[in-house]
Amino acid sequence: MLLSKINKSAFGTEIIDIHQSSLRRIALCLQYDGSSYCGWQRQINALSVQEVLEAALTTLNNCHPVITFAAGRTDAGVHAVAQVVHFDTDNQIPTHRWASALNGYLPSSIRVYEATQVPSNWHACYSAIYRRYRYTVLNSRQPNLFLAPYSWHRYKDTLDECIMRRSMGKLVGEHDFSTFQRAGSSRSHSITTIQDVKVQRHGELIVLEIQASGFLYGMVRLIVGQLVEVGAGRLSEFEFERRWRSKHRSEMNEAAPAQGLCLVQVGYPQKVFSTTSINYDFTSFLI
């Protein structure tokens, strides 16, 4: 295969990589049930969403390996309704057909909603200006078989969502959130900006949402674990605020389980997909 050519001009002789110039960058909007996966990122001894997606892409790419990059590295058991991923390919499959083609090779726990071509300097992670996560708490005396995989069942206490909302509201802004960072993070600092928060009750469901420029390792689950203690009356609003402002990680012993957490939206300076907002609105009625 001819991989390069020589281009002569007034500026001299230039060698052009034909293969490189034919590459397209494709962005995917995908949804997955994280119950059976070790998280988004590829691991050595466990099955990840990235591994499964890349295997399907490689099959469609004439068995040439494909590397993907995601907007957020969701942890084991965490779901996504609008994860954003990009990859480069010289395959000539029309852009609008990538979603249906991939879904033919993916398990039912992973679905691609939309594919679109993006500029070569666009990046699923680094071009993002926010991520939005939703956590669902089932605050009911009785369990719910169909909600169990996507919520945290809290049955001993009737949670006060108003107090939880007030406490969560104080997190908005740029702060050092090292208190809400699990051990093992490779991040160089723990300062990030929380842009928006929301706490709503829908009958027996309490839905918490948090939007930020970036998230620390385990951040949302640690925040929710503390807020549930506030809602149950075992932790005061004052004590909750003191804990995270004092940056004493040792006081954060309550972390919410993974299954209630879902990545629902990733934002970019310019709109990338037509389905992202549809996915976000739809899930508020589902989980």
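Anyway, here's the lowdown on the structure attached to this text. A quick note: this is a predicted structure, and the numbers were derived from the prediction, not measured.

**What about the packing of helix α4 (residues 161-169) against helix α5 (residues 219-231)?**
At a closest axis distance of 8 Å, the pairing of α4 and α5 adopts a crossing angle of 135°. Between α4 and α5, the angle falls in the class oblique. Every pair of crossing elements has a handedness; the one defined by α4 and α5 is right-handed. Along its contact with α4, which presents Ile163, Met164, Ser167 and Met168, the element α5 presents Leu227, Val228, Val230 and Gly231. When its residues are assigned to classes, the contact of α4 with α5 shows 6 nonpolar, 2 polar and no charged.

**With respect to the nonpolar core**
In terms of nonpolar packing, the biggest core is built from 77 residues, with Leu102 and Phe180 touching the most fellow members. At 8 residues, the largest contribution of residues to this core is made by α5. The two domains that each donate at least three residues to this core are domain 1 (24-118) and domain 2 (130-268). For Leu102, the contacting residues outside a window of four places in its chain are Leu28, Leu53, Ala56, Leu57, Leu60 and Val112.

**Observations concerning α5**
Between the first and last C-alpha of α5 there are 18 Å, a value that for 13 residues agrees with the 18 Å anticipated at 1.5 Å per step. For α5, a buried count of 13 out of 13 residues is recorded, marking the element as mostly surrounded by other parts of the structure. Phi turns positive one or two residues past the end of α5, at Gly233, with a value near 85°.

**With respect to helix α6 (residues 237-246)**
One full turn of an α-helix is made of 3.6 residues, so residues set three or four places apart face in the same direction. When we look at burial in α6, the residues that qualify are Glu239, Phe240, Glu241, Arg243 and Trp244. If you follow the buried residues of α6, they end up packed against α4, β9 (173-176) and α5.

**Concerning the side chain of Arg221**
Relative to the helices and strands, Arg221 is located in helix α5. The charged side chain of Arg221 is buried without a salt bridge, its nearest counter-charge being Asp75 at 4.3 Å. Not counting chain neighbours up to four residues away, the residues in contact with Arg221 comprise Asp75, Arg182, Glu254, Ala255, Ala256, Pro257, Ala258 and Leu261.

**Some thoughts on the pairing of strand β12 (residues 261-267)**
Of all 7 residues that make up β12, 7 are buried, and the element is covered over most of its length. As judged from the 2 bridges shared by strand β5 (residues 79-89) and β12, these two strands associate in the parallel manner. Considered in β12, the bridge of Ala80 is made with Leu263.

**Points about the packing of aromatic side chains**
Across all of its chains, the model carries 7 aromatic pairs by this definition. Ring plane angle 85° and centroid distance 6.3 Å describe the contact between Tyr135 and Trp152, whose orientation is recorded as edge-to-face. In this pair, Tyr135 sits in strand β7 (residues 130-138) while Trp152 sits in strand β8 (residues 152-153), placing the two residues 17 residues apart along the sequence. The same class applies to Tyr135 and to Trp152, which are both buried. Of the aromatic side chains, those joined through ring pairs into one cluster are Phe177, Phe180, Phe240 and Trp244.

**Regarding the pairing of strand β3 (residues 24-32)**
Within β3, 8 of the 9 residues are buried, which leaves the element mostly enclosed by the surrounding structure. As judged from the 8 bridges shared by β3 and β5, these two strands associate in the antiparallel manner. Across the sheet, the residue bridging to Ala27 is His86, located in β5. Pairing of β3 with strand β6 (residues 110-118) involves 8 bridges; the strand directions are antiparallel. By the bridge assignment, Arg25 is partnered in β6 with Val118.

Conventions and cut-offs
- Residues numbered from 1 in each chain as written.
- Predicted model: local features only at pLDDT ≥ 70, side-chain atom pairs only at ≥ 80, totals over all residues.
- Heavy atoms only, no water.
- Axes fitted to C-alpha atoms, helices over the stretch in contact; angles between N-to-C directions.
- Helix = DSSP H or I, 4+ residues; strand = E, 2+ residues; numbered from the N terminus.
- Parallel < 35°, antiparallel > 145°, perpendicular 65-115°, else oblique.
- Left-handed = near helix turned anticlockwise from the far one by under 90°.
- Contact = heavy atoms within 4.5 Å.
- Nonpolar A, V, L, I, M, F, W, Y, C, P; charged D, E, K, R; others polar.
- Core = buried A, V, L, I, M, F, W, Y, C linked by side-chain atoms within 4.5 Å.
- Buried < 20%, exposed > 50% of the residue type's maximum accessible area, 1.4 Å probe, protein only.
- Domains from an automatic or database assignment.
- Expected span 1.5 Å × (residues − 1).
- Lys, Arg positive; Asp, Glu negative; His and termini not counted.
- Salt bridge = Lys/Arg side-chain N within 4 Å of Asp/Glu carboxyl O.
- Pairing = 2+ DSSP bridges.
- Phe/Tyr/Trp six-rings, centres within 6.5 Å; stacked < 30°, edge-to-face > 60°.

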